[in-house]
Amino acid sequence: MSVSHATMKTFTYYLKVPSSASPEFIDITDEVNRFLKDSGISSGMLLVFSRHTTSAVVIQENEPLLLEDFKVMLESVSSKEASYRHNDFDVRTVHMHENECPNGHSHCQHLVLGSSEMVPVIDGEMPLGEWQRIFMVELDGIKGEMVGNREVLVQIMGLG
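Residues numbered from 1 in each chain as written. Predicted model: local features only at pLDDT ≥ 70, side-chain atom pairs only at ≥ 80, totals over all residues. Heavy atoms only, no water.

**Q** So, the state of the cysteines: which residues are in play, and what are the values?
**A** According to the stated counting rule, one finds 0 disulfides in the structure shown. The thiol sulfur of Cys-101 is not disulfide-bonded, and the nearest other cysteine sulfur, from Cys-108, lies at 14 Å. (Disulfide = S-S within 2.5 Å.)

Below is the structure:
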């Protein structure tokens, strides 16, 4: 009698996501799926994690009017025009950059959306629903100006 031992494997990928507006919903599903295929994992879990406190990761529908609704909702939750102590650079003394921009609203919006999503892996596939897509959501920056490359970590754990 022979015994087969499955070995748990872990793969970590870093995805650079360019963004140019706020808020901006950037569909990264195809890139994440490519990482899953490259990993060879057939059964396990897949984590998609934003490495920033002003960009989020969500699973949602990629329907243009709905994405516009989300932008309106985010503005109503935490308006760019509201007053934030985080933006008072005469008082704030920690976690500062030389060219700091007022972005208290971005942090507050991130608190509502979150940093990550976990997706099961079954038979080498992400069993997303018919309309589900994975988005990196840019919450910071000035409309029309390049915000930069955000970094999203994709970690895939499971059996090959």
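**Q** An account of the pattern of salt bridges is requested, with residue identities and associated values reported.
**A** Applying the stated criterion across every chain yields a total of 7 salt bridges. Between Glu-151 and Arg-51 there is a salt bridge, with its nearest N and O atoms 2.3 Å apart. Placement of the pair is Glu-151 in strand 7 (residues 148-159) and Arg-51 in the loop between strand 3 (43-50) and strand 4 (55-61), with a sequence separation of 100 residues. The class for Glu-151 is buried, based on a relative accessible area of 15%. (Salt bridge = Lys/Arg side-chain N within 4 Å of Asp/Glu carboxyl O. Helix = DSSP H or I, 4+ residues; strand = E, 2+ residues; numbered from the N terminus. Buried < 20%, exposed > 50% of the residue type's maximum accessible area, 1.4 Å probe, protein only.)

**Q** Go over the side chain of Arg-150 with me, naming the residues and quoting the values.
**A** Here Arg-150 shows up in strand 7. Since its relative accessible area comes to 8%, Arg-150 is described here as buried.

**Q** So what's going on with unusual backbone geometry? Residues and values would help.
**A** Here the amide bond leading from Ser-22 into Pro-23 is cis, since omega sits at -10°, within 30 degrees of zero. By the secondary structure assignment, Pro-23 is in the loop between strand 1 (8-19) and strand 2 (24-27). You will see that His-95, though not glycine, has its phi angle at about 50°, which is positive. The class of His-95 is exposed, set by a relative accessible area of 73%. Residue Asp-123 is not a glycine yet carries a positive backbone phi of 55°. By the element assignment, Asp-123 lies in the loop between strand 5 (116-122) and strand 6 (132-138).

**Q** Describe helix 1 (residues 29-39), and please don't skip the residues or the numbers.
**A** For helix 1, the complete set of buried residues consists of Thr-29, Val-32, Phe-35, Leu-36 and Ser-39. The buried residues of helix 1 occupy an angular sector of 125° when the element is viewed end-on, so they sit on one face. Directly after helix 1, the chain includes Gly-40, whose backbone phi takes a positive value near 75°. (Arc of directions from axis to C-beta.)

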